[in-house]
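Survey of secondary and tertiary structure
Listed below, chain by chain, are the residues.
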Amino acid sequence: MYCTSNTMFNPHSAKERIKNHLAYKLGLALIEYDKQRQGISQENFNSKESQNNKTNSPFSFKPQETLNHSIPVRGGGHSNPYLDSFTPLAFLNLLLSLYKLKQTHKQQQQFYKQTIQVFPSLKYPPLQSCKDYPESLSYKYHLAYLLGEALLQTNKTWYRGSYFTLHKKIQKAKEKYQEISYITKELKAFSQKLYEQIDIIELANSSQEIYSLLQTYKDYPPLLQTLFLNFSFFMQYPNEILQWLNSKEFKEQYINTNHPYPPLLNPDRLNAKRESKECNVESQRENRDSIQPYPNLSYESIPAELAWDLNLPLPRNYCGILVFFGLSGHLALLAFLYQCGASIISLSNTRYAKKDYYAAYQTLLTNHINFLTHINYMQDKENRKHIFALADAKVPVLINLRDPIGRLKHGINHGWYKSNQWIYEINQHKEALDRVTYGGQDKPHLDLLESVLKNKNIGNISIWEYHQTIQEIRNASSIYYLDMQEIVGKRTFDTMTQLSQEFRFPLPKEEDRKFYESKINNQYRYLLPIIFRVNEEIKILVEQSTYNIEFILGLNLSSSIVGGFLAINDYNKNELLNHTFSILQDNMDIISQLNLDSLGLQIKILADKKQSQEIAYQANHSNLKNDLQQYLFALKEKIQSIETNKVTEYQEFERMCAELD
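Residues numbered from 1 in each chain as written. Predicted model: local features only at pLDDT ≥ 70, side-chain atom pairs only at ≥ 80, totals over all residues. Heavy atoms only, no water.

The next subject is the overall build of the chain. Counting secondary structure elements, the chain contains 32 helices and 12 strands. Within the chain, the fraction of its 661 residues that count as buried is 51%. If you take every contact in the chain between residues at least 6 apart in sequence, the share linking residues at least 24 apart comes to 74%. When the accessible area of the chain is evaluated, it comes to approximately 33,200 Å², of which 49% is carbon and sulfur surface. (Helix = DSSP H or I, 4+ residues; strand = E, 2+ residues; numbered from the N terminus. Buried < 20%, exposed > 50% of the residue type's maximum accessible area, 1.4 Å probe, protein only. Contact = heavy atoms within 4.5 Å. Areas by Shrake-Rupley, 256 points an atom, 1.4 Å probe, with all protein chains shown as cover.)

So, about unusual backbone geometry. In most cases, non-glycine residues show a negative phi, while peptide bonds are predominantly trans. Cis rather than trans, the peptide bond between Leu 528 and Pro 529 has omega equal to 5°. Tracing the sequence through the fold places Pro 529 in the loop between helix H26 (513-516) and strand E9 (530-533). The backbone phi angle of Asn 258 is positive, close to 50°, even though this residue is not glycine. Looking at Asn 258, the relative accessible area reads 52%, which means it is exposed. One non-glycine residue with positive phi stands out, namely Arg 504, at about 60°.

Moving on, we come to the pairing of strand E4 (residues 396-401). Taking burial as the measure, the six residues of E4 include five buried ones, the bulk of the element. Sheet topology places strand E1 (residues 318-324) next to E4; three bridges connect them, and they run parallel. Across the sheet, Val 323 pairs through a bridge with Ile 399, a residue of E4. One ladder, built from six bridges, connects E4 with strand E8 (residues 478-483); its direction is parallel. Bridge pairing in E8 links Asn 400 to Leu 482. (Pairing = 2+ DSSP bridges.)

On to the layout of surface pockets. Considered as a void within the structure, the second largest pocket measures approximately 420 Å³ in volume. Among the secondary structure elements, those contributing two or more residues to the lining of the second largest pocket are helix H7 (143-156), helix H8 (166-190), helix H10 (200-205) and helix H11 (207-216). Among the elements that line the lining of the second largest pocket, the one with the most residues is H8, at six residues. The residue inventory of the lining of the second largest pocket, partitioned by class, reads six nonpolar, four polar and nine charged. (1 Å grid on protein atoms, 1.4 Å probe; cavity = no way out; pocket = protein on both sides within 12 Å on 5 of 7 lines; lining within 4 Å. Points joined across faces, edges and corners; volume = space filled by probe spheres on them. Nonpolar A, V, L, I, M, F, W, Y, C, P; charged D, E, K, R; others polar.)

Spatially, the five strands line up as an open sheet ordered E6-E9-E10-E12-E11, and their pairing is mixed. Since the sheet does not close on itself, it has two edges, and those belong to strand E6 (423-425) and strand E11 (587-589), each with one partner. Taking the axes of each pair of neighbouring strands and ignoring which way they run, one obtains an average angle of 30° across the sheet. The sheet contact formed by E6 and E9 spans three bridges and is parallel. Within the sheet, the bridge partner assigned to Ile 423 lies in E9 and is Ile 531. (Axes fitted to C-alpha atoms, helices over the stretch in contact; angles between N-to-C directions.)

With that settled, the discussion passes to the pairing of strand E3 (residues 369-375). Looking along a regular strand, one sees side chains alternate from face to face of the sheet. Taken across its seven residues, E3 has seven buried, putting it largely inside the fold. Note: E1 against E3, six bridges, orientation parallel. Bridged to Val 323 within E3 is His 374. Of the pairings in the sheet, the one linking strand E2 (residues 344-346) to E3 comprises three bridges and is parallel in character. Directly across from Ser 346, in E3, lies its bridge partner Thr 373.

Here five strands make up an open sheet; going across it, the order is E2-E3-E1-E4-E8 and the pairing parallel. Because the sheet does not close on itself, it has two edges, and the strands there are E2 and E8. In this sheet, neighbouring strand axes are inclined to one another by 25° on average, regardless of whether the strands run parallel or antiparallel. Against the sheet, helix H19 (residues 353-366) contacts E1, E2 and E3, and its axis sits at roughly 155° relative to E2.

Another point: helix H30 (residues 612-621). Residues of H30 that are buried include every one of Ile 615, Gln 618 and Ala 619, and no others. Mapping the buried residues of H30 onto a view down its axis gives an arc of 100°, with all of them on the same face. H30 presents Gln 613, Asn 620 and His 621 as exposed residues on the side facing more than 90 degrees away from its buried surface. Against E11, helix H29 (590-593), strand E12 (603-608) and helix H31 (624-644) lie the buried residues of H30. (Arc of directions from axis to C-beta.)

To continue, consider the side chain of His 445. Take His 445: it is sitting in the loop between strand E7 (436-437) and helix H23 (448-454). What makes His 445 buried here is its relative accessible area of 13%. Apart from the residues lying within four places of it in its own chain, the contact partners of His 445 are Ile 412, Tyr 438, Gly 439 and Val 647.

On to the packing of aromatic side chains. Think of a pair of aromatic rings as described by two things: how far the centres are apart, and how the planes are tilted against each other in angle. Counted according to the given criterion, the structure contains 27 aromatic pairs. Between the aromatic rings of Phe 336 and Phe 515, the centroid separation amounts to 5.9 Å while the plane-to-plane angle is 85°, which identifies the pairing as edge-to-face. Taken as a pair, Phe 336 in helix H18 (residues 330-340) and Phe 515 in helix H26 lie far apart in primary sequence, 179 residues in all. The residues Phe 336 and Phe 515 share a single accessibility class, namely buried. The structure contains a cluster of three or more aromatic residues connected by ring pairs, namely Tyr 299, Trp 308, Tyr 357, Tyr 358 and Tyr 361. One residue, Arg 435, lies across the ring of Trp 422, its end atom 4.5 Å from the ring centre. One cation-aromatic arrangement involves Arg 513 over Phe 493; the distance from NZ or CZ to the ring centre is 4.0 Å. (Phe/Tyr/Trp six-rings, centres within 6.5 Å; stacked < 30°, edge-to-face > 60°. Lys NZ or Arg CZ within 6 Å of the ring centre and 35° of its normal.)

Here we come to a nonpolar patch on the surface. Together, Val 118, Phe 119 and Leu 122 line one region of the surface with nonpolar side chains, adding up to about 310 Å² of accessible area. Assignment of secondary structure puts Val 118 in helix H5 (residues 88-118). (Patch = residues over 30% accessible without salt bridge, like charges linked within 9 Å, V, L, I, M, F, W, Y side chains within 5 Å. Salt bridge = Lys/Arg side-chain N within 4 Å of Asp/Glu carboxyl O.)

With that settled, consider the environment of Arg 474. Within the secondary structure, Arg 474 sits in the loop between helix H24 (466-471) and E8. Arg 474 gets classed as partly exposed once you look at its relative accessible area, which sits at 41%. Arg 474 sits 84 residues away from Leu 390 along the chain, and the two C-alpha atoms are 9.8 Å apart. Excluding residues within four positions of it along the chain, Arg 474 makes contact with Thr 257, His 259 and Pro 260.

The next subject is the side chain of His 259. Structurally, His 259 is set in the loop between helix H15 (248-255) and helix H16 (267-270). Leave out the neighbours within four places in its chain, and His 259 touches Tyr 220, Pro 222, Gln 253, Tyr 254, Ala 389 and Arg 474.

Now for the packing of helix H2 (residues 22-37) against H7. Two numbers describe how H2 lies on H7: the axes approach to 6 Å, and their chain directions differ by 100°. In terms of orientation, H2 and H7 fall into the roughly perpendicular class. Residues Leu 22, Ala 23, Tyr 24, Leu 26, Gly 27, Leu 28, Leu 30 and Ile 31 of H2 pack against Ala 144, Tyr 145, Leu 147, Gly 148, Glu 149, Leu 151 and Leu 152 of H7. In terms of residue class, the contact of H2 with H7 is built from 12 nonpolar, two polar and one charged. (Parallel < 35°, antiparallel > 145°, perpendicular 65-115°, else oblique.)

Written out as structure tokens, the structure is:
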């Protein structure tokens, strides 16, 4: 196949070879003839562009449009002004020129075949092996190529009168070109990288559907953004996606509500196999039994990373949602739920919402979970909105509350870890107790009030945004508000019993009643647990007697709460675990063994039983016993100081009134 152009033909260029196809040549001839018929040259085209549009010629276009993706003007009428204006002689001249072009092309092909029989080395390489092959495919969807194909298809059955349908084929080719041009233009504007990665053949096969989507949802940018970002997935499952996007349910649930994160697949169909009877989760549709699962798609077949991009809601294998607001007893409630045996997934790390979503997605595929949990003190509100939008099951929501003055008081008295040190020498009593700070000072102070009001020390003002946060949970079947006073002291056991019935988690056990009546966020919070190092072999763990370090670490690890009981990094957490592992496996409380005075402190001092003889020896031949007793005296004094220096509601209220004056 030799090119008719005077320029050198490069057989290693897929672009040049496609442009040398007969369809492309015929299409260019049709376009050139149409220009000449209307008396329009390339130089004066711009001055007569509007006139071309009015003629509504099926071939009218800008000359440059055969080589790019700009959009031609689509004809609006059903008549054929081009054919209507033909004279018999003009039509015969057109047919003659096309016939000559076809014959010349045929001769070139024959010459090429004869040549490679004599000189096989001159055979062109496969088109797919050319470096510019992916880019060259777009030339098959230029207007010239599409017009030429329409003409060739017509010519195959000319004896059946197919030329009478030529105009329809030409109009269809123009519309195809317009659709592809518009889609690629929008893709390129959205993302050059995405534009370069599209498969033009797949795009062309679905161009009518995509074009219709872009036109239909041009005023719904969230959907178009999701569609563009997942273009290859759309090409893989166009029927499933189009059926969903054109459904009444999609319009009612997402378009009419202007939902910011519309999914590309029907969540009801994805959840059809896993609607949890245990949770009594209500379906979003009344005829839920008629929802059929996708034949080739399921949560199991879609990776979590792709599911996030597709805006797929989390699998509905959970029974409730917990929304916690800081300074309102959320850690205590979490501890009580954990003690009951409730299963909890955290969605609190809104700075990295994707990671929380990935973890929750994988867990919910195979596990029944009691609660998705969100603590509203993170910074990224948009990610918070996103994560709530992807938790779409109709389940009850539990929200913890506390009176505003009480929240402010707790914020002032809250404190924070002063350092990440957890291991001390046996005689470092002062250092072991200097572990808490209150805004840079050693005791609570009213200057912290402004910081708490603006929530600078926790994240941002979102811990006060009750209404806005609740509005983002779109499918709550009901909302329960829990006053913190209901989980204080003797009320707690009855409260947890009632909640377990409402939210279907295990009942609290009677033998754990003392734990439920204890104060979780107490004066030991930042002081314990710690480890004293007696020597290289002996380590002693000091912890609360109400709950142990295994419980604390378990709560942190299970709920993924940053800044919960232990605000320590992974390195320090591993170090603490490594040092305490043997102690926790088989331990003894050395308070009684060394005959120490516990001073009424609710603590335990634990050591490895295997080291009992060595500890007894150290107690008799070193300062070990005296060091521990002195630490207990200092701990008692520190706790009394913490309690004494706490700001009261009266002080806080008095300060606020003074500032208002």
